[in-house]
Amino acid sequence: MKEPIRDACILIVDDELLNVRLLEVTLEAAGYRNIQSTTDSRQALPLFISLQPDLLLLDLNMPYLDGFAVMQQLEARIPPETYFPILVLTANVDGDVKRRALGAGAKDFLTKPFDRTEVLLRIENLLQVRFLNTLLEHRVSERTQELELAQLETLQRLALAAEYRDDDTGLHTRRVGHCCARIAEELGLSSQEVDLLQRAAPLHDVGKIGVPDSILLKPGKLTAEEFEVIKQHTVIGAKILSGSRSPWLQMAEEIALTHHERWDGCGYARIEGDRIPLVGRIVAVADVFDALTHERPYKKAWSLEDAVQEIKAQSGQQFDPQVVEAFLKLPHAELVL
């Protein structure tokens, strides 16, 4: 690990030019190639932001801003999970000062005047910990992404299994996700929100997995009792998706529970207006439009024109008027493919 360490960015903040030059010469002689410095503590924060150093050598006693003030400035810029070593330079060996510096973010101390061998050993030790932590964070991040992808694939397959029960193409979930994304873009949602919605919306009917075929595939009109069973798919779906810390699964849970709510409050759970989460209101439009334009066991497919007119007619009743307005601006023929 020694060679990568020599490429580390080291920032020196000390108001005494002689100390700075001594440290620079010592580090350069040891093979360090990326050394930055300032004798003005007011430049510490701007340099930290621009350089993103791997190690800070920081004097405590300086005009303008002392070392404690500099560490306070940097605190908000260092993520809690990131190991950033600050090596304090001080002639003060008082225990209270050291404890205060450790509490402020320092990881180690160099006592002035410096011993060159000690300087290099302490710097190398801190940089090894820094790079090992960075490597560990990278591996944890990769593993987390792998687990999230596996989780996503599992739930997508579960949603597809549920969908195949009353849609033998299995494309309904994909079309709903695409339509929701287009509506969200038209509404001005951020690209991150659009992406989350496109991934979460296909899970809206995952709760169908818990509805008996005799009811789900019934070609005729449902009885009141059968309809109550059908309504439970929103609750079942939300339970399947609940308890996750993943933003897209949290959104999927919200969608599963609320995509059958109505703007006028006559939906499954009687939630009305903007009390219904926006993502639920968006999926409600996309889901109904796709259901109308494709054949189901209990109905024939509607024409594109009739389906669009039905969505428009339900604005302010079943659907959020703003969501309908955004939907009406889309190229509808592309949404049924």
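Relevant structure appears above.
Residues numbered from 1 in each chain as written. Predicted model: local features only at pLDDT ≥ 70, side-chain atom pairs only at ≥ 80, totals over all residues. Heavy atoms only, no water.

**Points about the packing of aromatic side chains**
Here's step 1: One pass over the structure, following the stated rule, counts three aromatic pairs.
Here's step 2: Between Phe48 and Phe84, the aromatic rings sit 5.2 Å apart at their centres with planes inclined by 80 degrees, giving edge-to-face as the arrangement. Residue Phe48 is found in helix α3 (residues 44-51), and its partner Phe84 is found in the loop between α4 (67-75) and β4 (86-90); the two are separated by 36 residues along the sequence.
Here's step 3: The exposure class of Phe48 is buried, given its relative accessible area of 5%.
Here's step 4: Residues Phe289 and Phe327 carry aromatic rings whose centres are separated by 5.0 Å and whose planes lie at 65 degrees to one another, so their mutual orientation is edge-to-face. Of this pair, Phe289 sits in helix α12 (residues 278-292) while Phe327 sits in helix α14 (residues 321-328), placing them 38 residues apart in sequence. With respect to burial, Phe289 and Phe327 carry one shared label: buried.
Here's step 5: Directly above the ring of Phe109 sits Lys98, whose terminal nitrogen or CZ lies 5.4 Å from the centroid.
Here's step 6: Cation over ring: Lys231 sits above Tyr268, and NZ or CZ is 5.8 Å from the ring centre. (Phe/Tyr/Trp six-rings, centres within 6.5 Å; stacked < 30°, edge-to-face > 60°. Helix = DSSP H or I, 4+ residues; strand = E, 2+ residues; numbered from the N terminus. Buried < 20%, exposed > 50% of the residue type's maximum accessible area, 1.4 Å probe, protein only. Lys NZ or Arg CZ within 6 Å of the ring centre and 35° of its normal.)

**Let's talk about α14**
Here's step 1: Along α14, the residues classified as buried are Val323, Val324, Ala326 and Phe327. End-on, the buried residues of α14 take up no more than an arc of 160 degrees, which puts them together on one face.
Here's step 2: In this structure Asp320 caps α14, since a side-chain oxygen of it lies 2.9 Å from the backbone nitrogen of Gln322. (Arc of directions from axis to C-beta. Polar contact = N/O pair within 3.5 Å; in protein donor to acceptor, adjacent residues only side chain to side chain.)

**Section: the sheet that holds β4**
Here's step 1: Within the open sheet, the five strands sit side by side as β2-β1-β3-β4-β5. Their pairing is parallel. The open sheet has two edge strands, β2 (34-38) and β5 (108-111), and neither has a second partner. Each adjacent strand pair in this sheet contributes to an overall mean axis angle of 20 degrees, direction not counted.
Here's step 2: The pairing of β4 with β5 spans four bridges and is classified as parallel. Note on β5: the bridge partner recorded for Leu89 is Leu110.
Here's step 3: This element, helix α2 (residues 17-29), spans β1 (9-13), β2, β3 (55-59) and β4 of the sheet and lies at about 180 degrees to β2.
Here's step 4: Taken strand by strand, α4 contacts β3 and β4, and its axis lies near 150 degrees from that of β3. (Pairing = 2+ DSSP bridges. Axes fitted to C-alpha atoms, helices over the stretch in contact; angles between N-to-C directions. Contact = heavy atoms within 4.5 Å.)

**A closer look at the layout of surface pockets**
Gaps between atoms show up when a probe of the same size as a water molecule is rolled over them.
Here's step 1: The calculated volume of the largest pocket comes to roughly 910 Å³.
Here's step 2: Taken together, 33 residues line the largest pocket, and the ones lying closest to its centre are Phe227, Ile230, His260, Tyr268 and Tyr298.
Here's step 3: Looking at the lining of the largest pocket, the elements with two or more residues in it are α9 (213-216), α10 (224-241) and α12.
Here's step 4: In terms of residue count, α12 provides more of the lining of the largest pocket than any other element does, five residues in total.
Here's step 5: Class assignment of the residues belonging to the lining of the largest pocket gives a composition of 15 nonpolar, six polar and 12 charged.
Here's step 6: Residue lining of the second largest pocket: 12 residues in total, with Gln156, Leu160, Thr173, Arg174 and Pro202 positioned closest to the centre.
Here's step 7: Mapped by element, the contributors of at least two residues to the lining of the second largest pocket are α6 (116-163) and α7 (172-187).
Here's step 8: Ranked by residues supplied to the lining of the second largest pocket, first place goes to α7 with four residues.
Here's step 9: Looking at the lining of the second largest pocket, its residues break down into five nonpolar, six polar and one charged. (1 Å grid on protein atoms, 1.4 Å probe; cavity = no way out; pocket = protein on both sides within 12 Å on 5 of 7 lines; lining within 4 Å. Points joined across faces, edges and corners; volume = space filled by probe spheres on them. Nonpolar A, V, L, I, M, F, W, Y, C, P; charged D, E, K, R; others polar.)

**With respect to the pattern of salt bridges**
One side chain can pair with another of opposite charge once the charged atoms of both are near each other.
Here's step 1: On inspection of all chains with the given rule, the structure shows 21 salt bridges.
Here's step 2: Here Asp290 and Arg175 are joined by a salt bridge, their closest N and O atoms 2.6 Å apart. One end of the pair, Asp290, is in helix α12; the other, Arg175, is in helix α7, with 115 residues separating them in the sequence. The same class applies to Asp290 and to Arg175, which are both buried.
Here's step 3: Among the salt bridges present, the one from Arg281 reaches Asp320, with a minimum N-O distance of 2.7 Å. Within this pair, whereas Arg281 is found in helix α12, its partner Asp320 is found in the loop between α13 (304-313) and α14, the two being separated by 39 residues in sequence.
Here's step 4: Arg281 gets classed as buried once you look at its relative accessible area, which sits at 13%. (Salt bridge = Lys/Arg side-chain N within 4 Å of Asp/Glu carboxyl O.)

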